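Listed below are the residues making up each chain.
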Amino acid sequence: MTQLQQPASKVPIHRLPRPSATLQGALKRLSLGDNPSAQRRSKVFPTSSRGVWARVNPLWDNWPIQISKEELVELGVDLDKGEQISVEDVLKRWDPTDVLGEAEGGLKVLSSKHRLKLEPALLGIAGPALEHNLPQLDVGDAHDLDAPAKAGTSEARDALVDIISGRKVLSSGPGAEENAEYGPWSTRYTGHQFGQWAGQLGDGRAISLLETTSGLGGRQEIQVKGAGRTPFSRQADGLAVLRSSVREYLGAEAIAALGIPSTRSLAILTSPVEVAREQGYEPSALVARVAPSFIRIGHFEAMNPGDAGRNTHQLFLGGRWQEDEKDEKDALGGQGNLEGLRDLTAWVKDGIMKFDGSVKDWFLEVVKRNAETTALWQVYGFMHGVLNTDNISILGLTIDYGPYAFMDQYNPGHICNHSDPTGLYSYKNQPPRVAFALDSLGSALLPLLGYEKLNGKVPAEGWAEGASTDDVRKWEAAGLEAISDWSTDFIQTVEQTEREGWGRRFGLRTYQDSDDRDVVQDFLSLLRAHGADFHASLRELSNFEPSKIDDDAYRRAYAKRWVANTTIDLQSDSAMRAEEGITAWLRVYAARASAPAEKAAWDKDAPDGEWEAIRTVAMRAVNPRFVLRQWLLEETIKNVDDKLKANDVPGARKTLARVLDLATQPFEPYGEDGECEANPSDEDVERMRLCGLGPQNFLGFQCSCSS
Ligand code: AMP
Ligand code: MG
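Residues numbered from 1 in each chain as written. Chains lettered and ligands numbered in written order. Predicted model: local features only at pLDDT ≥ 70, side-chain atom pairs only at ≥ 80, totals over all residues. Heavy atoms only, no water.

A. Spotlight on the domain arrangement of the chain. Taken domain by domain, the chain holds domain 1 (13–189 + 205–293) and domain 2 (506–620). Look at where the C-alpha atoms of domain 1 and domain 2 centre, and you get two points 49 Å apart. (Domains from an automatic or database assignment.)

And the structure:
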């Protein structure tokens, strides 16, 4: 792991420097009307649109918009006298037109009387994400669990909460020069959902607030999820229920702590809005997250939707179909925008990834990154649940945490998403479904790839102007040829990364062709046969001493303990069969792990000959003791919900902070092996409980998370 350096000085959120190249400068804007409701109405942009983003300010409120009689009175409207108010006037209250202060880069801190009434409470802040992605951000006393829940005692914290909640808006405001204009935005994307073309989707409840350069280098974008409707919200309200926000907040940090690339959680905040979902009204919450970019494969599909997207018109409640706007070229009959495709490719490739190479090599790099991430999901039993092409990051980050789960009892066919009856996104189907998404990306990029192959360079602005359909077909054919081998690369990278990942988890420093069968698959088959827990089994294996290969009593005793710690409620004859199975496998494993070449690979780091002790430490550093299991998520959500209902914000914060702490340090022993003190504190006992397998009825629990 790289040693992080703290930046010399920290600044509050409104002082974060803007990078010289910004998304808004690099990519075209989608235009919306000026009236207050323009941002809140669904809008289907023509497929020929070159634009990627639209100006959207956070606005957390119900949809359809509701207003109380008291609020109407405040607005000087008396219903009893038959007076009326327009939706525009109701929404206008949110317009951030009052200048409250100056911010970095010519931006202003803006708000409105109505916005300032909101009193969001900070429920959590993720220290490790801050340290990695935004070390220069001053959050004041946000980490202090005893600091006041709402308006804090530190200016930096208040600034953070105000901006990420939408209580205040960082923007150049109206009247700024066109090229100096900057402010929050949402983006348009399309995609394939469950394998089917789904048309325009977009940031339906995500609003990006600003971008900066990390103190450690590289672009970082801060985005808030659940901050109200955008033009891409379709029929939905743009809000996120507390449940889904807690899941995202914890999930992203748990994945990052396992060394798997992910978007990161910055903070979670209460929202005053109760949202209607299948189960009735529920509290909502906002999550602020951070990543070098939130661009997905779906953004590229929007620019070149291919056959599936051609000539399909979508209508949403509150949306309207309109003829292509005059200023947008319709070169290919409303079938995408190749200039926009080039803009987006250049932005991600050169602007974000700083990739110095051809479009083809960059595509292969995107394939590689996603293959590595997918392989690590497999090795860590992580199931994403909704691998639609709009949920696959162009940077290979795990993104959009919904009904995800970590494997409990091992079952390769396990489906974690209750809304996926056929198991399209089951554990074993993850690699092929990510391959499907990458294939969609490749298809979208074909004209660029082909042009490059035929002309030897990345096309310049205006490259597709005046191109005929025949030209495009020719480019597509050449593009197909250029990347004909990508899926082999994908499979090889998945296999290689899995092999290395399993090697680490099984404590093997050398590799033999038979390992996949004798070590990995045979072990997993045992777990499957005996209903053993995936993560507990591997953690338990860290304590096994291969040198005792011939000590039958040791292997038997070890097997007994292994079964007791990794299975739940086995009848005694089943437990005996499990013990026999594992004892037999241990013999093979011990022989493999103590073979001369393998032992020598550890010996070089163990001058005093204690190679097994070193091996155990190394295995424990990759096999988590704590796993963010379904039972624990459900319990945490309920605790937080109960505490918020009882107005106990400090209690809710402490509950979340404890789980986040465990999730971000999953390899610690937490009282394992009697490493606990003679008189463990209540906190130690609680942490040990949270490391447990949980109640049987939650094993393999499927989340039916409405979001
Ligand atoms: P997901 O399956 O969560 O990735 O979401 C698919 C699409 O639905 C994305 O475009 C989301 O932005 C959008 N979406 C999901 N939930 C909501 C919501 N509550 N309000 C608006 N849009 C939503
Ligand atoms: Mg999504």
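B. Molecular detail of the coordination of the magnesium ion (ligand 2). On the protein side, the magnesium ion (ligand 2) has Asn-391 (OD1) and Asp-400 (OD) as donor atoms, found 2.0 to 2.2 Å from it. Residue Asn-391 shares its accessibility class with Asp-400, and that shared class is buried. (Donors = N, O, S within 2.8 Å, 3.2 Å for Na, K, Ca; no water. Buried < 20%, exposed > 50% of the residue type's maximum accessible area, 1.4 Å probe, protein only.)

C. A look at the sheet that holds strand β3 (residues 108–111). A sheet is described by the order of its strands in space; here 3 strands give the open sequence β2-β3-β5, paired in antiparallel fashion. In the strand order of this sheet, the two ends are held by β2 (98–102) and β5 (169–171), each with one partner. Here the average twist between neighbouring strands, direction ignored, is 35 degrees. (Pairing = 2+ DSSP bridges. Helix = DSSP H or I, 4+ residues; strand = E, 2+ residues; numbered from the N terminus. Axes fitted to C-alpha atoms, helices over the stretch in contact; angles between N-to-C directions.)

D. Fine view of the pattern of salt bridges. A complete count under the given rule lists 51 salt bridges for this structure. The partner of Arg-689 in a salt bridge is Glu-686, with the nearest N and O atoms 3.0 Å apart. Residue Arg-689 and its partner Glu-686 are both found in helix α23 (residues 682–690); the two are separated by 3 residues, about one turn of the helix. Owing to a relative accessible area of 21%, Glu-686 belongs among the partly exposed residues under this scheme. Through salt bridges with shared partners, a single ionic network connects Glu-635, Arg-658, Asp-661, Glu-683, Glu-686, Arg-687 and Arg-689. (Salt bridge = Lys/Arg side-chain N within 4 Å of Asp/Glu carboxyl O.)

E. Expanded view of the site of ligand 1. Within the structure, ligand 1 sits among 18 residues, and Gly-202, Gly-204, Arg-234, Gly-238 and Asn-391 are positioned closest to it. Taking Asn-391, its side chain carries an N or O atom lying 2.9 Å from an oxygen atom of ligand 1. Out of a free accessible area of 480 Å², ligand 1 has 82% covered by protein chains. Here the shell around ligand 1 is composed, by residue class, of 4 nonpolar, 7 polar and 7 charged. (Near = heavy atom within 4 Å. Polar contact = N/O pair within 3.5 Å; in protein donor to acceptor, adjacent residues only side chain to side chain. Areas by Shrake-Rupley, 256 points an atom, 1.4 Å probe, with all protein chains shown as cover. Nonpolar A, V, L, I, M, F, W, Y, C, P; charged D, E, K, R; others polar.)

F. Region of the structure containing the pairing of β3. Where β2 lies against β3, 4 bridges are found, and the strand directions are antiparallel. Bridge pairing in β3 places Glu-102 opposite Lys-108. In this structure, the hairpin formed by β2 and β3 is closed by a connection of 5 residues, where Gly-105 is found at a positive phi of approximately 65 degrees. Sheet topology places β3 next to β5; 3 bridges connect them, and they run antiparallel. Bridging across to β5, Lys-108 finds its partner in Ser-171.

G. Main features of the side chain of Glu-248. Tracing the backbone shows Glu-248 in helix α7 (residues 242–257). The residues touching Glu-248, leaving out its near neighbours within four places in the chain, are Lys-225, Thr-263, Ser-265, Val-287, Arg-289, Asp-400 and Tyr-401. (Contact = heavy atoms within 4.5 Å.)

H. Fine view of the environment of Leu-570. Secondary-structure assignment places Leu-570 in the loop between α17 (552–566) and α18 (572–593). If we skip the residues at most four places from it in the chain, Leu-570 touches His-530, Val-563, Ala-575 and Ala-578.

I. Spatial organisation of the state of the cysteines. By the definition in use, this model includes 0 disulfides. Here Cys-416 stays unpaired: no disulfide links it, and the sulfur of Cys-703, its closest cysteine neighbor, is 8.2 Å away. (Disulfide = S-S within 2.5 Å.)

J. Local environment of unusual backbone geometry. A cis amide bond links Trp-63 with the next residue in sequence, Pro-64, at an omega value of -5 degrees. Within the element layout of this structure, Pro-64 appears in the loop between β1 (53–55) and α2 (69–74). Its identity is not glycine, yet Asn-647 carries a phi of approximately 65 degrees, on the positive side. Mapped onto the elements of the fold, Asn-647 is located in the loop between α21 (630–645) and α22 (649–664). Of note in the backbone geometry, Tyr-670 takes a positive phi value of approximately 40 degrees without being a glycine. Among the secondary structure elements, Tyr-670 is positioned in the loop between α22 and α23. Among the residues examined, Tyr-670 registers a relative accessible area of 13% and is labelled buried.

K. Just the environment of Cys-691, in detail. As for its placement among the helices and strands, Cys-691 is situated in the segment after α23. For the pair Cys-691 and Ser-468, spaced 223 residues apart in sequence, the C-alpha separation works out to 61 Å. The residues touching Cys-691, leaving out its near neighbours within four places in the chain, are Arg-625, Phe-626 and Tyr-670.

L. Spotlight on the packing of aromatic side chains. Scanning all chains against the criterion turns up 29 aromatic pairs. Each ring, one from Phe-363 and one from Trp-486, has its centre 6.1 Å from the other, and the planes form 75 degrees; the classification is edge-to-face. Of this pair, Phe-363 sits in helix α11 (residues 359–379) while Trp-486 is found in helix α14 (residues 486–505), placing the two residues 123 residues apart along the sequence. Neither residue differs from the other here; Phe-363 and Trp-486 are each classed as buried. In textbook terms, an aromatic cluster arises when at least three aromatic residues are bridged by ring pairs, as seen for Tyr-410, Tyr-427, Trp-502, Phe-506, Phe-523, Phe-534, Phe-544, Tyr-554, Tyr-558, Trp-562, Trp-585 and Tyr-589. The ring of Tyr-182 carries the charged tip of Arg-18 above its face, separated from the ring centre by 4.4 Å. Stacked on the ring of Trp-602, the Lys or Arg Arg-509 has its end atom at 3.8 Å from the ring centre. (Phe/Tyr/Trp six-rings, centres within 6.5 Å; stacked < 30°, edge-to-face > 60°. Lys NZ or Arg CZ within 6 Å of the ring centre and 35° of its normal.)

M. Highlighting helix α16 (residues 534–541). Of all 8 residues making up α16, 8 are buried, and the element is well covered by its neighbours. All of the buried residues along α16 are Phe-534, His-535, Ala-536, Ser-537, Leu-538, Arg-539, Glu-540 and Leu-541. You can read the cap of α16 off the contacts: a side-chain oxygen lies 3.1 Å from the backbone nitrogen of His-535, and it is on Asp-533.

N. Quick peek at the nonpolar core. Membership of the largest hydrophobic core comes to 176 residues, with the highest contact counts inside it found for Phe-300 and Phe-506. A total of 11 residues in this core trace back to one element, the largest contributor, which is helix α12 (residues 430–455). Composition of this core by domain shows at least three residues from each of domain 1 (13–189 + 205–293) and domain 2 (506–620). Excluding anything up to four places from it in sequence, Phe-300 contacts Ile-295, Leu-341, Leu-344, Thr-345, Val-348, Trp-362, Ile-394, Leu-441, Ala-444 and Leu-445. (Core = buried A, V, L, I, M, F, W, Y, C linked by side-chain atoms within 4.5 Å.)

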